[in-house]
Protein chains: 2
Amino acid sequence: MRTQAQPLSGFMELLPAQQAEFDRIKQVIARAHHSFGFSNIDLPLIYRREVLLAKAGGDTEKQIYQLEKGDTKLALRFDHTVPLAAYVAGNQGNLTFPFKASQIGKNYRGERPQKGRFREFYQCDADVIGRGALDLAYDAEVIAIIWAIYKELNLGDFTIRIANRKLLTGFLQALEIGQGMPKIMHLIDNAEKITTDGLDAELRSLSLNDAQIATIQNFIKLADGRSNEQVLESLETLSTKIGADQNQASEFKVGLNELWSVQKTLRQMGITDCVKIDPMIVRGLDYYTGTVFETILNSHPEFGSIASGGRYDNLASNYSAEKFPGVGCSIGLSRLFAALTENNLTQNSSTPTADILVLPFSENEREFSFNLAARLRAQTKKPVNILLQPWKFNKKMEYAGKSGAKHLVVIGEQEVATGQVNIKDLQTGKETSLDSFLA
Amino acid sequence: MRTQAQPLSGFMELLPAQQAEFDRIKQVIARAHHSFGFSNIDLPLIYRREVLLAKAGGDTEKQIYQLEKGDTKLALRFDHTVPLAAYVAGNQGNLTFPFKASQIGKNYRGERPQKGRFREFYQCDADVIGRGALDLAYDAEVIAIIWAIYKELNLGDFTIRIANRKLLTGFLQALEIGQGMPKIMHLIDNAEKITTDGLDAELRSLSLNDAQIATIQNFIKLADGRSNEQVLESLETLSTKIGADQNQASEFKVGLNELWSVQKTLRQMGITDCVKIDPMIVRGLDYYTGTVFETILNSHPEFGSIASGGRYDNLASNYSAEKFPGVGCSIGLSRLFAALTENNLTQNSSTPTADILVLPFSENEREFSFNLAARLRAQTKKPVNILLQPWKFNKKMEYAGKSGAKHLVVIGEQEVATGQVNIKDLQTGKETSLDSFLA
């Protein structure tokens, strides 16, 4: 009796050529993290359930994969944040702060499987964690990382939309809306999905008056068609209008000053394109406390944001009395890859197997072929495959065609006798002598 | 109330510098796999329980991490073999055979935690899978991969001990021992741990006669102090003695011929040191059917074998009617790393964070510093960190010392005014101009 071998729904399984392209993108992300001075950390996938649930709420808790071992209730991690928080709290005496951590690994959420959503998914996070305080310039740095990655991946025009959570909460505080606030924040977070009239009706149903509704509708459209500096100036004007500028410590004013600062630092970094200040960005209601950002591909807004992040006041409040403010960026690699694949935006150049294939004609040419393969590996630094099956020549050539190799070296009696070897470019069909290939 | 943040027992958590060294070793292994033409595949960690249990038996089944999601009974993978078997069976139409697969990832076994044993552990596997038949030369190739990795890791003298499972079973068949065979195989597998007298008594208790016991004792010592060719010759002699050479198809004779062939291919590959033919190697009783091998560090035999592997007749018998013979090598990276760390055999040169640290004196030097960091990244390809905290100079220098950076660039008013920048080697204390550093 045979068992079904296909993977579970929501679990990605790639053929070697797809995997090579996936790995190439993962490498671009890892190198970008590393080039900005982030250290890789590779944390456990399993934690005590209470550790993971300390931060999870609502949907996340329902989606968590639970397991048991003896009496210990365990769960699989659903993001990199909880493991990082536990790690920073547990190792604070041995880490240098600001601690810059790169985490590229699998996470698990038992979501209802749907297109582009995975239950096992790669998340690629870069976080800067301060001890006590963390300069706002790091908010710009994690945005710069996303910018650098999207530029290098060459995915076409993209927009990183940046806001500050304090602006929105400060704005709603100033409007004195009271208990309707969470609901209104949710509405604003989803404002792109409803019409102006729809939003109007929704706000009216929350007993807001005409003036409040008009102010909110203005706020939502504030970024439309304006440059970043114009948006910030409009927010200054709004600040005066809602009375926030009379108090520099007001939530709105603090958020606005932070946003000016992030914008200024990005300019200092030379980042002047692909960044759009848009006070509408919320990124969920619980976690972030300052800067928030998300990224869309201009020609594929339907992918949604696959690279996002923001600032949080205290990473490890559940595990430590010390305060660890942080800011991070995260790329949903599995979702990104699925979206790119579906739209034929991946590159086909990633070689799944070896660049060079050595093909000994018979067993008599093996020793020569092994030596040649070793020499090619050492001198070209390219992967070299050698076919060792005792097949007829035609079948060997069929393998050569299917293997994905870019170069082919056939070794027969004559090559062994003379030592003269040619290497064939399988794309152009052109043959060159090994000596000139290696030169 | 705060939650305990330390990792679960049996789960490895490394500080950034240790992690960098771990990643370096992992890279050496991955590059070796790739250089021999193996394609990376990154398979799910979670499978239907029935899929995993189809091959697991005894201890493994007890150690498996089980989980549930809705009505589906799931489990975490405990090795790379079952996922590979399911993958090959499920994708056979889209793979090119012999299919060379590299798998480097985490696996899970709920073993009783003990020194050097982990419940979450990295396993690094390279497998060649044939369809129908697979040439014996691939057995030598996977041994050559372990050889290349151990040489490159520079771990000191090591020995790859090679045997063939058919030799031992054929030998015991020829002795006509009958139903005592599994017990005797287990004794022979553990013969290194008991004395000659102890083994004698054990064999006697299994009702073996003097002649049989003498033959077994001779077999066990057959490799002692002999060269590989001498061992193979002694096995030929033994073959005559036990009557196996009258039948070329006898289990013993087939195993011996395979061993000759693997030895010959290794020589053709130029592998003449660090390899020892030793018919005593068993590597468990169920899985392997031909070539088996394991690797010990000569100065640390107590680590046991951390790199091993062998030949199996049929990878995917549980999932497909087609026959997929394979041969693979596997390195227990977490165990290897723990053993190396404990014996101070790891290198301290792995940089956890950035190679170059740029330290702007104040906010006024930031823009210049950002430009410099970008230029250094582009021209040196090295990771470049920039400290953005608004700290006093002393605290900044303290960070520089602790950060692990090898080079330091301090940017003050003067550097911005003149454009003249020096870079300091933090190990030698020597300063050079940026221009000569980049030249």
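Parameters at a glance
- Residues numbered from 1 in each chain as written.
- Chains lettered and ligands numbered in written order.
- Predicted model: local features only at pLDDT ≥ 70, side-chain atom pairs only at ≥ 80, totals over all residues.
- Heavy atoms only, no water.
- Helix = DSSP H or I, 4+ residues; strand = E, 2+ residues; numbered from the N terminus.
- Buried < 20%, exposed > 50% of the residue type's maximum accessible area, 1.4 Å probe, protein only.
- Contact = heavy atoms within 4.5 Å.
- Lys, Arg positive; Asp, Glu negative; His and termini not counted.
- Charge placed at Lys NZ, Arg CZ, Asp CG, Glu CD.
- Patch = residues over 30% accessible without salt bridge, like charges linked within 9 Å, V, L, I, M, F, W, Y side chains within 5 Å.
- Areas by Shrake-Rupley, 256 points an atom, 1.4 Å probe, with all protein chains shown as cover.
- Salt bridge = Lys/Arg side-chain N within 4 Å of Asp/Glu carboxyl O.
- Pairing = 2+ DSSP bridges.
- Axes fitted to C-alpha atoms, helices over the stretch in contact; angles between N-to-C directions.
- Parallel < 35°, antiparallel > 145°, perpendicular 65-115°, else oblique.
- Left-handed = near helix turned anticlockwise from the far one by under 90°.
- Nonpolar A, V, L, I, M, F, W, Y, C, P; charged D, E, K, R; others polar.
- Phe/Tyr/Trp six-rings, centres within 6.5 Å; stacked < 30°, edge-to-face > 60°.
- Least-squares fit on C-alpha atoms with pLDDT ≥ 70 in both.
- Buried area = accessible area lost by both parts, 1.4 Å probe.
- Polar contact = N/O pair within 3.5 Å; in protein donor to acceptor, adjacent residues only side chain to side chain.
- Disulfide = S-S within 2.5 Å.

### A word on the overall build of chain A
Consideration 1: Across its full length, chain A holds 16 helices and 16 strands.
Consideration 2: Its C-alpha atoms put chain A at 90 × 55 × 45 Å along the principal axes.
Consideration 3: For chain A, with 439 residues in total, the buried portion stands at 58%.
Consideration 4: Long-range contacts, defined here as pairs at least 24 residues apart, represent 68% of the contacts in chain A between residues at least 6 apart.
Consideration 5: Taking the average location of the 49 positive side-chain charges in chain A and that of its 51 negative ones, the two points are 4 Å from each other.

### Let's talk about a nonpolar patch on the surface
Consideration 1: On the surface, a cluster of nonpolar side chains totalling about 260 Å² of accessible area is made up of Phe361, Phe393 and Met397 of chain A.
Consideration 2: With respect to the element layout, Phe361 of chain A can be found in the loop between β12 (356-360) and α13 (366-380).

### A look at the sheet that holds strand β1 (residues 39-40) of chain A
All names here are of chain A.
Consideration 1: Pairing in this open sheet of eight strands is mixed, and the strands run β1-β5-β6-β11-β10-β9-β7-β8 from one edge to the other. Here the strands that pair on one side only, and so sit at the sheet edges, are β1 and β8 (275-277).
Consideration 2: When strand β7 (residues 158-164) meets β8, the two strands line up parallel, connected through three bridges. Its bridge partner lying in β8, Arg161 is registered against Lys276.

### Details of the packing of helix α10 (residues 228-241) of chain B against helix α11 (residues 251-268) of chain B
Residue and element names in this part refer to chain B.
Consideration 1: Between α10 and α11, the shortest axis-to-axis distance is 11 Å and the interhelical angle comes to 165°. Classified by the interaxial angle, the pair formed by α10 and α11 is roughly antiparallel. For the crossing formed where α10 meets α11, the hand is left-handed. Where α10 approaches α11, its residues Asn228, Glu229, Leu232, Glu233, Leu235, Glu236, Leu238 and Ser239 are matched on the opposing element by Phe252, Lys253, Leu256, Leu259, Trp260, Gln263 and Arg267.
Consideration 2: Split into classes, the residues belonging to the contact of α10 with α11 amount to seven nonpolar, three polar and five charged.

### A look at helix α4 (residues 81-91) of chain B
Consideration 1: Most of α4 of chain B sits out of view: ten of its eleven residues are buried.
Consideration 2: Within α4 of chain B, the full set of buried residues consists of Thr81, Val82, Pro83, Leu84, Ala85, Ala86, Tyr87, Val88, Ala89 and Asn91 of chain B.
Consideration 3: Looking at the buried positions of α4 of chain B, the neighbouring elements they touch are α1 (16-35) of chain A together with β2 (46-48), α2 (49-53), β5 (99-108) and β6 (120-129) of chain B.

### Section: the packing of aromatic side chains
Residue and element names in this part refer to chain B.
Consideration 1: Applying the stated criterion to the full structure yields 22 aromatic pairs over all chains.
Consideration 2: Here Phe171 and Phe219 contribute two aromatic rings whose centre-to-centre distance is 4.2 Å and whose plane-to-plane angle is 15°, an arrangement assigned as stacked. Of this pair, Phe171 sits in helix α6 (residues 165-174) while Phe219 sits in helix α9 (residues 210-220); the two residues are 48 residues apart in sequence, bridging distant segments of the chain. Summarising the burial analysis for this pair, Phe171 and Phe219 share the class buried.

### Brief notes about the relation of the copies chain A and chain B
Consideration 1: For the match of chain A to chain B, the screw axis carries a shift of 0.0 Å, the RMSD comes to 0.1 Å, and the turn is 180°. Both chain copies can therefore be described as sitting about a two-fold axis. For chain A, the residue whose C-alpha comes nearest the rotation axis is Leu67 of chain A, separated from it by 2.4 Å.

### Describing the interface of chain A and chain B
Consideration 1: Each side of the interface is counted separately: chain A has 100 residues, and chain B has 100 residues.
Consideration 2: Between chain A and chain B the total buried area reaches about 7,800 Å² when both faces are included, carbon and sulfur atoms providing 54% of it.
Consideration 3: Among the ionic pairs, Glu363 of chain A bridges to Lys264 of chain B, the shortest N-O distance being 3.8 Å.
Consideration 4: Across the side of chain A that touches chain B, the residue classes break down as 50 nonpolar, 27 polar and 23 charged.

### Considerations on the pairing of strand β11 (residues 326-332) of chain A
Residues and elements named next belong to chain A.
Consideration 1: Burial within β11 is extensive, with seven of its seven residues counted as buried.
Consideration 2: As defined by bridge partners, strand β10 (residues 307-312) adjoins β11 across six bridges and the pair is classed as antiparallel. Opposite Arg311, over in β11, you have Val327 as the bridge partner.

### A closer look at the packing of helix α6 (residues 165-174) of chain A against helix α11 (residues 251-268) of chain A
All names here are of chain A.
Consideration 1: Between α6 and α11, the least distance of the axes is 7 Å, while the angle of their chain directions is 155°. Overall, the two elements α6 and α11 adopt an arrangement that is roughly antiparallel. The element α6 and its partner α11 pack so that their crossing is left-handed. Residues Lys166, Leu167, Thr169, Gly170, Phe171 and Gln173 of α6 form the contact with α11, whose own contacting residues are Glu251, Phe252, Val254, Gly255, Leu256, Glu258 and Leu259.

### Side note on the environment of Tyr47 of chain B
Consideration 1: Tracing the backbone shows Tyr47 of chain B in strand β2.
Consideration 2: Discounting chain neighbours no more than four positions away, the residues touching Tyr47 of chain B are Leu8 and Glu13 of chain A together with Leu52, Lys73, Leu74, Ala75 and Pro83 of chain B.

### Some words on the side chain of Thr159 of chain B
All names here are of chain B.
Consideration 1: Looking at where Thr159 falls in the secondary structure, it is placed in strand β7 (residues 158-164).
Consideration 2: Within the structure, the side chain of Thr159 is placed 2.7 Å from the side chain of Asn298, a separation counted as a polar contact.
Consideration 3: Apart from residues no more than four positions distant in its own chain, Thr159 is found in contact with Cys274, Lys276, Glu294, Thr295, Ile296 and Asn298.

### Notes on the state of the cysteines
Consideration 1: What the rule picks out here adds up to zero disulfides over all chains.
Consideration 2: No disulfide involves Cys329 of chain A; its sulfur sits 9.7 Å from the nearest other cysteine sulfur, which is in Cys124 of chain A.

### Some words on the pairing of strand β9 (residues 291-297) of chain A
All names here are of chain A.
Consideration 1: The buried count for β9 comes to seven of seven residues, which makes it a mostly enclosed element.
Consideration 2: Neither face of β9 is exposed, since Thr291, Phe293, Thr295 and Leu297 on one face and Val292, Glu294 and Ile296 on the opposite face are all buried.
Consideration 3: Examined bridge by bridge, β9 and β10 share four bridges and lie antiparallel to one another. From the neighbouring strand, Thr295 faces β10, where its bridge partner is Ala307.

### Some details on the side chain of Lys100 of chain B
Consideration 1: Examined against the element boundaries, Lys100 of chain B turns out to sit in strand β5.
Consideration 2: A residue is classified by how much of its surface remains accessible, and Lys100 of chain B, at 4% relative accessible area, is buried.
Consideration 3: Within the local environment of Lys100 of chain B, its side chain forms a polar contact with the backbone oxygen of Phe36 of chain B, the two atoms lying 2.9 Å apart.
Consideration 4: Looking at Lys100 of chain B, its side chain comes within polar contact range of the side chain of Glu141 of chain B, at 3.0 Å.
Consideration 5: Each residue touching Lys100 of chain B, except ones within four places of it in the same chain, is listed here: Asn385 and Ile386 of chain A together with Phe36, Gly37, Phe38, Ser39, Asp127, Val128, Tyr138 and Glu141 of chain B.

### Some words on the pattern of salt bridges
Residue and element names in this part refer to chain A.
Consideration 1: Per the counting criterion, the structure on display carries 36 salt bridges over all chains.
Consideration 2: As a salt-bridge pair, Arg267 and Glu229 come within 3.0 Å of each other at their nearest N and O atoms. Here Glu229 lies in helix α10 (residues 228-241) and Arg267 lies in helix α11, a separation of 38 residues in the sequence.
Consideration 3: Of the residues examined, Glu229 reaches a relative accessible area of 29% and is grouped as partly exposed.

### Concerning the sheet that holds strand β14 (residues 407-411) of chain A
Residues and elements named next belong to chain A.
Consideration 1: The mixed open sheet is built from five strands, whose spatial order is β13-β12-β14-β15-β16. Since the sheet does not close on itself, it has two edges, and those belong to β13 (384-386) and β16 (431-433), each with one partner. Strand-to-strand twist in this sheet, taken as the mean axis angle between neighbours without regard to direction, amounts to 25°.
Consideration 2: Across the face of the sheet, α13 comes into contact with β12, β13 and β14 while running at roughly 170° to β12.
Consideration 3: Against the sheet, helix α14 (residues 393-402) makes contact with β12, β13 and β14, and its axis sits at roughly 175° relative to β12, the strand it touches most.

### Topic: the environment of Leu76 of chain B
Consideration 1: By the secondary structure assignment, Leu76 of chain B is in strand β4 (residues 72-76).
Consideration 2: Along the sequence, Leu76 of chain B and Asp157 of chain B sit 81 residues apart, while their C-alpha atoms lie 36 Å from each other.
Consideration 3: Residues within four places of Leu76 of chain B in sequence aside, it is in contact with Ile46, Leu67 and Leu76 of chain A together with Leu45, Ile46, Leu52, Ile64, Tyr65, Leu67 and Tyr108 of chain B.

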